[in-house]
Amino acid sequence: MKEKILIVEDEFIVANDLKIMLMKAGYQITGIASSVVQARKSIAEKKPDWILLDIMLKGDLTGIDLAWELREKKLPFLYISANTNQSTLEAVKETQPYGFMVKPFRERDLIVMLDIAKYRFDIEQNAEIQEPETHQQIEGIIGKSPLLQDVIEKIRVVAPTDTSVLIVGESGTGKEKVAHSVHKLSDRKNSPIVIVNCAALPHSLIESELFGHEKGSFTGANVLRIGKFEQANGGTIFLDEIGELPLDSQVKLLRVLQEKEIERLGGNKTIKVNVRIVAATNRSLEKEVAEGRFRLDLYYRLNVFPIELPSLKERKEDIELLSNFFLNKYAAASRRNITSISKNALEQLSNYNWPGNIRELEHLIERSVLMAKTTEIDHFDLPKTIEKPSEESQGEIKSMEEMERDHILNALYSSGGKVSGLGGAAELLKIQPQTLYSKMKKLGIDKGYK
């Protein structure tokens, strides 16, 4: 027999349907509770292995209140609810559930979600048994801060598995580096990793890019095209900026995750694919779900094992290590004898707020290596307007135009002055380069950027 499950649900018909579905799949049902008080009693008496938990229950306490108690007891749980507003989803995320099912749902989806939840729980349990190493290192990921060590530990735990990974973090925190590390430490390391920037895919060509197309499937399709998923077969596909995918493409991606198969545009046969999915976003997907721009079922499919990357301002103890790494890299690349960074210059870096994170630091070091007059960098030209966190002036409020100008300048500084292309200010601001150039001209921002 499979695990014992307690159903905490105040609608009898829904609870009974759940019971029938789960028993059919081989699970034992320890009972049905309609309130937190009843659930506490049932947990104490029947000792369930898992809890299926509605949010709105009878009585004064909610499922979220019970979830915090379950976390203390180390009892794994999944939410089942029709409530998907943003504040609720944020409260749900804080409790760290193993899944979230939206009513109504299919029997198959419930069983798959439970399988995913159990898989993730087993991974975490095994990770707790292993003694973590002190100052673990992964090639290409630099730093010894506790926050980064936690990220490295998660990479080591999840990499050998085939589970989906969702990397969350601000722009410039190194999400692609983490994706490559997950791939290199997996059994798929000798197969390809295919990188897809979802934000750069034209909406009309997304399906063709991801799944390919047959010759003659549409005007201009003169040859057969192999899509990114087929290219990644046996390896890993990294879907960067997954939050940018339109809803119709999300449905197709969900099918690939569920069925492990694709269908080329214009084709009439399905093609099995064996692909590990790693996704990344700098958006709040909970907010995107709440506002109807991202599917909740896809979110939880991708969010089996989340890795949250800290911003550089949260791990300032790593700045010296990172700076010296970039110094050696760019001094060697430019064949310049730049060997060190002065104590005062390092203090400058520590006092800066780093809105562009590691990418901004790397661009700064690269420029400084090229501009250095001696073997030591003794000063950095940091942007004056954002060298420290902004403070509200007494009674002074900036105009919308001034705020927009500052925002564009921040993006330009973060991108090292680059306007278009990968890592450019237009990409950071999520607007077209020509739009950004137009705004710069209007706001009197110098065009002398590369």
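Scroll up a little and you will see the structure.
Residues numbered from 1 in each chain as written. Predicted model: local features only at pLDDT ≥ 70, side-chain atom pairs only at ≥ 80, totals over all residues. Heavy atoms only, no water.

**Quick notes on the sheet that holds strand β12 (residues 305–308)**
And step 1. With parallel pairing, five strands are arranged side by side in an open sheet as β7-β8-β11-β6-β12. What marks the edges here is a single partner per strand, and that holds for β7 (193–197) and β12. Going from strand to strand, the sheet's axes swing by 20° on average, the running direction of each strand aside.
And step 2. When β7 meets strand β8 (residues 236–240), the two strands line up parallel, connected through five bridges. Paired with Ile195 across the bridge in β8 is Phe238.
And step 3. The strands touched by helix α6 (residues 146–158) are β6 (165–168), β11 (276–281) and β12; relative to β12, the strand with the most contacts, the crossing angle is about 155°. (Pairing = 2+ DSSP bridges. Helix = DSSP H or I, 4+ residues; strand = E, 2+ residues; numbered from the N terminus. Axes fitted to C-alpha atoms, helices over the stretch in contact; angles between N-to-C directions. Contact = heavy atoms within 4.5 Å.)

**Overview of unusual backbone geometry**
And step 1. One non-glycine residue, Glu241, lies in positive phi territory at about 55°.
And step 2. Tracing the backbone through its elements, the reader meets Glu241 in the loop between β8 and α10 (247–259).
And step 3. Positive phi outside glycine occurs at Asn357, with the angle close to 60°.
And step 4. Of note, Asn357 is situated in helix α15 (residues 357–371).

**Some points on the packing of aromatic side chains**
Aromatic rings considered in pairs are described by the distance between their centres and by the relative angle of their planes.
And step 1. The tally for this structure, following the rule as stated, stands at eight aromatic pairs.
And step 2. Relative to Phe121, the ring of Tyr98 has its centre 5.6 Å away and its plane inclined at 85°; by these criteria the two rings are edge-to-face. One end of the pair, Tyr98, is in the loop between α4 (86–94) and β5 (100–102); the other, Phe121, is in helix α5 (residues 107–129), and 23 residues separate them in sequence. For the pair shown, Tyr98 and Phe121 are each scored as buried.
And step 3. Consider the rings of Phe325 and Phe326, whose centres lie 5.5 Å apart with planes at 65°: the pair is edge-to-face.
And step 4. Using a relative accessible area of 37% as the deciding quantity, one classes Phe325 as partly exposed. (Phe/Tyr/Trp six-rings, centres within 6.5 Å; stacked < 30°, edge-to-face > 60°. Buried < 20%, exposed > 50% of the residue type's maximum accessible area, 1.4 Å probe, protein only.)

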